[in-house]
Amino acid sequence: QVQAVESGGGLVQPGGSLRLSCEASGFTLDSYTMGWFRQAPGKEREGISCIKSVDDSTVYVESMKGRFAISRDNAKSTVYLQMNNLKPEDTGVYYCLALEGVCALAAGRLIYFGRDYWGKGTLVTVSS
């Protein structure tokens, strides 16, 4: 059974950093494309970044570049999202995506095709 469990969310002050983790089970991590999405209160879920299974290349939504970084540790079956210089508008629930498929950018948005598995999310609150 494919599972992805997020952790690492919490309350952080503006300008602070957090590292989210997504622990995968039920599949071999390096055979899946992995991604991070988020959903702010009252808004649609939006993509942040993905890391491809075929070559570990990464894709970022333009507005997330520079502050967010995705990485994977196949030995630990874990994907990370390092978030720096956090802003109040980064507040939301962050979700991990495990994908038997591909991800890409289209019209500035992160899109994906294939069979998808989602974690339940971890809440990030950026507030002073």
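See the structure above.
Residues numbered from 1 in each chain as written. Predicted model: local features only at pLDDT ≥ 70, side-chain atom pairs only at ≥ 80, totals over all residues. Heavy atoms only, no water.

Asker: Looking at this structure, how should I read the overall build of the protein?
Answerer: Assigned secondary structure in the protein consists of 0 helices and 11 strands. Here the C-alpha atoms of the protein give a radius of gyration of 14 Å, agreeing with the 14 Å that 2.2 N^0.38 yields for 128 residues. Seen through its principal axes, the protein has C-alpha atoms that stretch 40 × 30 × 25 Å. Here the protein holds 128 residues, and the buried ones make up 43% of them. Working note: accessible area of the protein is about 6600 Å², and carbon and sulfur atoms make up 47% of it. Averaging the positions of the 13 positive and the 13 negative side-chain charges in the protein gives two centres separated by 4 Å. (Helix = DSSP H or I, 4+ residues; strand = E, 2+ residues; numbered from the N terminus. Rg over C-alpha atoms; globule rule 2.2 N^0.38 Å. Buried < 20%, exposed > 50% of the residue type's maximum accessible area, 1.4 Å probe, protein only. Areas by Shrake-Rupley, 256 points an atom, 1.4 Å probe, with all protein chains shown as cover. Lys, Arg positive; Asp, Glu negative; His and termini not counted. Charge placed at Lys NZ, Arg CZ, Asp CG, Glu CD.)

Asker: It is not clear to me how the environment of Ile111 should be interpreted in this structure. Could you clarify?
Answerer: The topology assignment puts Ile111 in strand S10 (residues 109-118). Spatially, the C-alpha atoms of Ile111 and Gly101 are 11 Å apart, while their sequence positions differ by 10 residues. With residues up to four places along the chain from it excluded, the contact list for Ile111 reads Val102, Cys103, Ala104 and Ala106. (Contact = heavy atoms within 4.5 Å.)

Asker: I keep staring at the sheet that holds strand S3 (residues 18-25) and nothing clicks. Help me out?
Answerer: Note: strands within a sheet are paired through backbone hydrogen bonds, in either parallel or antiparallel orientation. Strand order in this open sheet of 4 strands is S1-S3-S8-S7, and the pairing throughout is antiparallel. Unpaired on one side and paired on the other, strand S1 (3-7) and strand S7 (68-73) mark the two borders of the sheet. Across the sheet, the mean angle from the axis of one strand to that of its neighbour is 20°, orientation sign disregarded. Bridge count for S1 against S3 is 5 bridges, and the pairing is antiparallel. Within S3, the residue paired with Val5 across the bridge is Glu23. (Pairing = 2+ DSSP bridges. Axes fitted to C-alpha atoms, helices over the stretch in contact; angles between N-to-C directions.)

Asker: Explanation requested: the nonpolar core in the structure shown.
Answerer: When a protein is soluble and globular, its nonpolar side chains tend to lie buried together. Among the nonpolar cores identified, the biggest contains 36 residues, and Phe27, Met34, Trp36, Phe68, Leu81, Met83 and Tyr94 are the most heavily contacted of them. Considering each element in turn, this core owes the most residues, 6 residues, to strand S9 (residues 92-106). Excluding residues that lie within four positions of it along the chain, Met83 makes contacts with Gly16, Ser17, Leu18, Leu20, Arg67, Phe68, Tyr94 and Val124. (Core = buried A, V, L, I, M, F, W, Y, C linked by side-chain atoms within 4.5 Å.)

Asker: In this structure, what is going on with the state of the cysteines? I would like to understand it.
Answerer: Note on terminology: disulfide describes a covalent bond linking the sulfur atoms of two cysteines. In total, this model carries 2 disulfides according to the counting rule given. Between Cys22 and Cys96 runs a disulfide, and the two sulfur atoms are separated by 2.0 Å. Judged by the sign of its S-S torsion, about -80°, the bond between Cys22 and Cys96 is left-handed. With Cys22 in strand S3 and Cys96 in strand S9, the pair connects residues that are 74 residues apart, well separated along the chain. Using a relative accessible area of 0% as the deciding quantity, one classes Cys22 as buried. (Disulfide = S-S within 2.5 Å.)

That's the geometry; what it means functionally is another story.
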